Amino acid sequence: MPWPPHEGRWNELAKDVAAMANTRGGLLVYGVTDKTTVPVGIDPDEVNEQQYAQWIRNHVQPYLPDLIFTALTSPDGQLSFLAIDVPASPMAPHHVYGTAAKDKDQQAAVVPYRDRDHTAWMAEHQIERAYRERFTRTQHAQDETDRLLAHALDTCLADQAEPSAWFVAVARPERPLPRTAPPLAREKAPDLCATARVRSQHLTRNPLAVGPLTGLEVVSSNPRPGLRRWVFSTLPLRMGREIYTELHHDGSTVLAANLSWKACAQMTWQTPQRTASWSTRTSSEPAAATPSPSPTNSPAISAWTAPCTSPQPSPPPNRRP
């Protein structure tokens, strides 16, 4: 079982976890002999996942958030094991911090990596290359996110005849799926959309709340194929909610929704004092500074015109605006 560091030694658990995260990921299994891989089991009552996670937080930098601790028991219930899944980290290289035996006040850091079945320490040129690869991964992830965002904007705004408010969200997994992973099946894509709508309603705690996923059920049962993706779209739509969604086979997701209800361009509501109507439109005429009575309604109803974005001419001198 993992033990805390003592006598100036490195934390073996932190060292092995960092080494696997710095290489290609790996799996640590406790309860199996190291050389002969004979299952001998562990005492499940001695497993302390919180303690192990604290050791890793204290001794590994940057922090590794994606570790998975799993306690396993054999089918006959005789043997138990502890498995720690360590994914390849996009933030590699990870340093392991500890103290030297001769000088316990002196903190030191090393960068481990896995070489087949043992752990070694990175040389200076290996550390430099690891940092360069980290920066390259970060830039590539940002470029891919920007590309998806630009594609979504071009698709949604291409046929927009008038200005409208759009909500656009793009997400990409930090760890892409392996190339051998099967593509997302057509019958599974609608299930993902249905699950997203249920979670959205659960978070708002109001099944009638209007959110970005409102209207997705109209097309969720019939996705159309794209380039390694499934596309759900109500574009173009004259009335109702315009929504555009992409589910990529590599785990990327695009969600774009028009938050401007065309049927509700003119909103009317009641107040204790009066009834008012707001009309929002773009006009080249100067905006009215004060409410103007509507000739077709009662004097209690007023109309406001949204100010246009173009600069307004200044009033002539010595005249009251």
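Before reading further, recall that the structure is shown in the block above.
Conventions and cut-offs
Residues numbered from 1 in each chain as written. Predicted model: local features only at pLDDT ≥ 70, side-chain atom pairs only at ≥ 80, totals over all residues. Heavy atoms only, no water. Salt bridge = Lys/Arg side-chain N within 4 Å of Asp/Glu carboxyl O. Helix = DSSP H or I, 4+ residues; strand = E, 2+ residues; numbered from the N terminus. Buried < 20%, exposed > 50% of the residue type's maximum accessible area, 1.4 Å probe, protein only. Phe/Tyr/Trp six-rings, centres within 6.5 Å; stacked < 30°, edge-to-face > 60°. Pairing = 2+ DSSP bridges. Axes fitted to C-alpha atoms, helices over the stretch in contact; angles between N-to-C directions. Contact = heavy atoms within 4.5 Å. Polar contact = N/O pair within 3.5 Å; in protein donor to acceptor, adjacent residues only side chain to side chain.

Visitor: When you look at the pattern of salt bridges in this model, what are you seeing that I'm missing?
Guide: Note on pairing: side chains with opposite charge can pair once their charged atoms come close. Under the definition given, this model contains four salt bridges. Note that Glu-144 is salt-bridged to Arg-147, the shortest N-O span being 2.9 Å. Taken together, the positions of Glu-144 and Arg-147, both in helix H3 (residues 124-157) and three residues apart, correspond to about one turn of that helix. A relative accessible area of 45% means that Arg-147 is categorised as partly exposed.

Visitor: Can you help me understand the packing of aromatic side chains in this one?
Guide: Ring pairs (aromatic) are described by centroid distance and by the angle formed between their planes. Overall, the coordinates contain three aromatic pairs when judged by the stated rule. Ring centres of Tyr-131 and Phe-135 lie 6.4 Å apart, and the angle between their planes is 35 degrees; on these two criteria the pair is classed as tilted. Of this pair, Tyr-131 and Phe-135 are both found in helix H3, four residues apart, which corresponds to roughly one turn of the helix. Overall, the relative accessible area of 28% leaves Tyr-131 in the partly exposed class. Three or more aromatic residues joined by ring pairs make a cluster, and in this case those are Tyr-52, Trp-55 and Phe-69.

Visitor: I keep staring at the pairing of strand E12 (residues 243-248) and nothing clicks. Help me out?
Guide: In the case of a regular strand, side chains alternate between the two sheet surfaces. Counting buried residues in E12 gives six out of six residues, a clear majority hidden from the surface. On E12, burial covers both faces: Ile-243, Thr-245 and Leu-247 on one face and Tyr-244, Glu-246 and His-248 on the other are all buried. Sheet analysis places E12 next to strand E13 (residues 253-258), joined by five bridges and oriented antiparallel. Note on E13: the bridge partner recorded for Ile-243 is Ala-257. Hairpin connection from E12 to E13: four residues lie between these consecutive antiparallel strands, with Gly-251 at a positive phi of about 100 degrees.

Visitor: Hey, could you run me through unusual backbone geometry in this one?
Guide: Of all residues except glycine, most have a negative phi; of all peptide bonds, most are trans. Note that the residue after Gln-61, namely Pro-62, is joined by a cis bond; omega there is -5 degrees. Mapped onto the secondary structure, Pro-62 falls in the loop between strand E2 (60-61) and strand E3 (68-73). The omega torsion of the bond from Ala-92 to Pro-93 falls at 15 degrees, within 30 degrees of zero and hence cis. Considering the arrangement of structural elements, one finds Pro-93 in the loop between strand E4 (80-86) and strand E5 (95-99). Positioned with a positive phi, Thr-37 is a non-glycine residue whose angle comes to about 55 degrees. Inspection of the secondary structure assignment puts Thr-37 in the loop between strand E1 (26-30) and helix H2 (49-59). You can call Thr-37 exposed: its relative accessible area is 53%. Look at Arg-228: it is not a glycine, yet its phi comes out positive at around 55 degrees.

Visitor: Before we go on, may I ask you to explain the sheet that holds E3 in this structure?
Guide: Ordered by their spatial adjacency, three strands build an open sheet running E1-E4-E3, and the pairing between neighbours is antiparallel. Two strands in the sheet have a free side with no partner beyond their single neighbour: E1 and E3. Looking at each pair of strands side by side, their axes are set apart by 20 degrees on average, direction ignored. In the sheet, E1 pairs with E4 via five bridges, with the strands oriented antiparallel. Counterpart to Tyr-30 in the pairing with E4 is Leu-82. Taken strand by strand, helix H1 (residues 12-22) contacts E1 and E4, and its axis lies near 155 degrees from that of E1.

Visitor: How do you make sense of the side chain of Arg-229 when you look at a structure like this?
Guide: Residue position: Arg-229 is located in strand E11 (residues 229-233). Classification of Arg-229 as buried rests on a relative accessible area of 13%. Among the polar contacts listed, one links the side chain of Arg-229 to the backbone oxygen of Leu-227, at a separation of 3.0 Å. There is a polar contact of 3.3 Å between the side chain of Arg-229 and the side chain of Glu-246. Beyond its immediate sequence surroundings of up to four residues, Arg-229 is in contact with His-151, Arg-224, Glu-246, Leu-247, His-248 and His-249.

Visitor: What should I look at first to understand the side chain of Asn-258 in this one?
Guide: Within the fold, Asn-258 resides in strand E13. Look past the residues within four positions of Asn-258 in its chain and what remains in contact with it is Gln-160, Ser-164, Ala-165, Trp-166, Arg-241 and Glu-242.

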